[in-house]
Amino acid sequence: MSATQNTAQTPQMAHAAHNSVRGRLGPHIPSSVGGALAEDGRRQTLWLTESERGHHHARPRIGIMGGTFDPIHMGHLVAASEVEWKFDLDEVIFVPTGRPVFKLHQHVTDAEDRYLMTVIATSSNPRFTVSRVDIDRPGVTYTIDTLRDMHRLYPNCDLFFITGADAIAEIFEWKDADQMWDLAHFVAVTRPGYPSDLSKLKLPRGAVDMLEIPALAISSTDVRRRASHGEPVRYLVPEGVVEYINKHGLYRSHVSTDTEHVSS
Ligand code: DND
């Protein structure tokens, strides 16, 4: 993937875009602009943003890490961190689902508990934030709605939706899948136990990148099972999440069932 894409904009547009993003994303958002010669030799101003690592992009880049996060674990965090690094993202926004569509027939922990565990798990990383858009939207959660909301909130940013290889394999079962490609670039991270070959899927050219990440065979399903049996979950989830699970007695009575759509 090209690290730099130059898009000529008016200075006013660039300033507006930049300022609006800086306000939301915080002080690490870059501030550089530059000029260059157009192909016909005339001077043309290119307005770029510079990432903290010194790369130039046409627009700030935001990762969207959607998940049920029941509970959030180290696999989720490593996935987000790896994509943030490899794609030079300015920020990764974790978006816990409200009512996950593929899990309507199984017990899912209260959204506020999942949200708070996600906040706790991400709090030490200045590039990680958490959004309530899916939790606060009534009804079943669909990614197409997540992406539309994010476009409204971050109109001048490029969005990168982060997902596991298992999730991307069934993406054509997602609501309005064909409309999602225009809203975000998709990054599918490898996950132990799931095939990482996307070639059999008829994905639009260039819409999805596969990224190999350090293999962590951790699943929320297994964390819940362990917690329900009193087995250790320490080091599978962040310390604060261990404490939250213990303090609130989560997963004591709900063992995962066979009706789960995927091992999460
Ligand atoms: P999950 O329930 O799989 O989340 O949902 C993931 C996203 O898919 C959410 O944003 C959903 O709204 C969306 N979705 C699902 C189904 C239908 C539709 C949308 C629709 O619009 O119709 P988990 O908490 O289980 O996992 C979060 C992510 O982390 C997943 O992409 C999963 O593959 C990945 N993951 C790992 N990746 C690497 N190593 C590991 C992982 N464990 C989970 N150990």
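Summary of the structure given here.

**Considering the sheet that holds strand β10 (residues 158-164)**
No. 1: Taking strand neighbours across the sheet as the criterion, the six strands line up as β8-β6-β5-β10-β11-β12 in an open arrangement whose pairing is parallel. The open sheet terminates on both sides in strands that have one partner only, identified here as β8 (128-130) and β12 (208-211). Across the sheet, the axes of successive neighbouring strands diverge by a mean angle of 25°, strand direction being ignored.
No. 2: Across three bridges, the pairing between strand β6 (residues 91-96) and β8 is parallel. Among the inter-strand pairings, V92 is bridged to a residue of β8, identified as F128.
No. 3: Strand contacts of helix α3 (residues 111-122): β6 and β8, with the helix running at about 160° to β6, the strand carrying the most contacts.
No. 4: Packing against the sheet, helix α5 (residues 143-153) makes contact with β5 (61-67), β6 and β10, and its axis sits at approximately 150° to β5.

**Re the packing of α3 against helix α8 (residues 239-248)**
No. 1: At a minimum axis separation of 9 Å, α3 and α8 run at an interaxial angle of 150°. Relative to α8, α3 is oriented roughly antiparallel. Crossing of α3 over α8 shows right-handed handedness. Residues D113, L116, M117, I120 and A121 of α3 form the contact with α8, whose own contacting residues are G240, V241, Y244 and H248.

**Quick notes on the environment of P238**
No. 1: Here P238 lies in the loop between α7 (220-228) and α8.
No. 2: For P238, a count of 21 C-beta atoms within 10 Å gives the class buried.
No. 3: With 116 residues separating them along the chain, P238 and T122 place their C-alpha atoms 9.1 Å apart.

**A short note on the environment of P138**
No. 1: Considering the arrangement of structural elements, one finds P138 in the loop between α4 (133-136) and β9 (140-141).
No. 2: Assessed through the 6 C-beta atoms surrounding it within 10 Å, P138 is described here as exposed.
No. 3: Between the alpha carbons of P138 and G98 there is a distance of 7.8 Å; along the sequence they are 40 residues apart.

**What to know about α3**
No. 1: Helix length check: α3 (twelve residues) gives 16 Å between terminal C-alpha atoms against 16 Å at 1.5 Å per residue, within 8%.
No. 2: Lining the buried residues of α3 we find α2 (74-86), β6, β8, α4 and α8.

Definitions and limits used
- Residues numbered from 1 in each chain as written.
- Predicted model: local features only at pLDDT ≥ 70, side-chain atom pairs only at ≥ 80, totals over all residues.
- Pairing = 2+ DSSP bridges.
- Helix = DSSP H or I, 4+ residues; strand = E, 2+ residues; numbered from the N terminus.
- Axes fitted to C-alpha atoms, helices over the stretch in contact; angles between N-to-C directions.
- Contact = placed C-beta atoms within 7 Å.
- Parallel < 35°, antiparallel > 145°, perpendicular 65-115°, else oblique.
- Left-handed = near helix turned anticlockwise from the far one by under 90°.
- Buried ≥ 20, exposed ≤ 12 C-beta atoms within 10 Å, placed from the backbone.
- Expected span 1.5 Å × (residues − 1).

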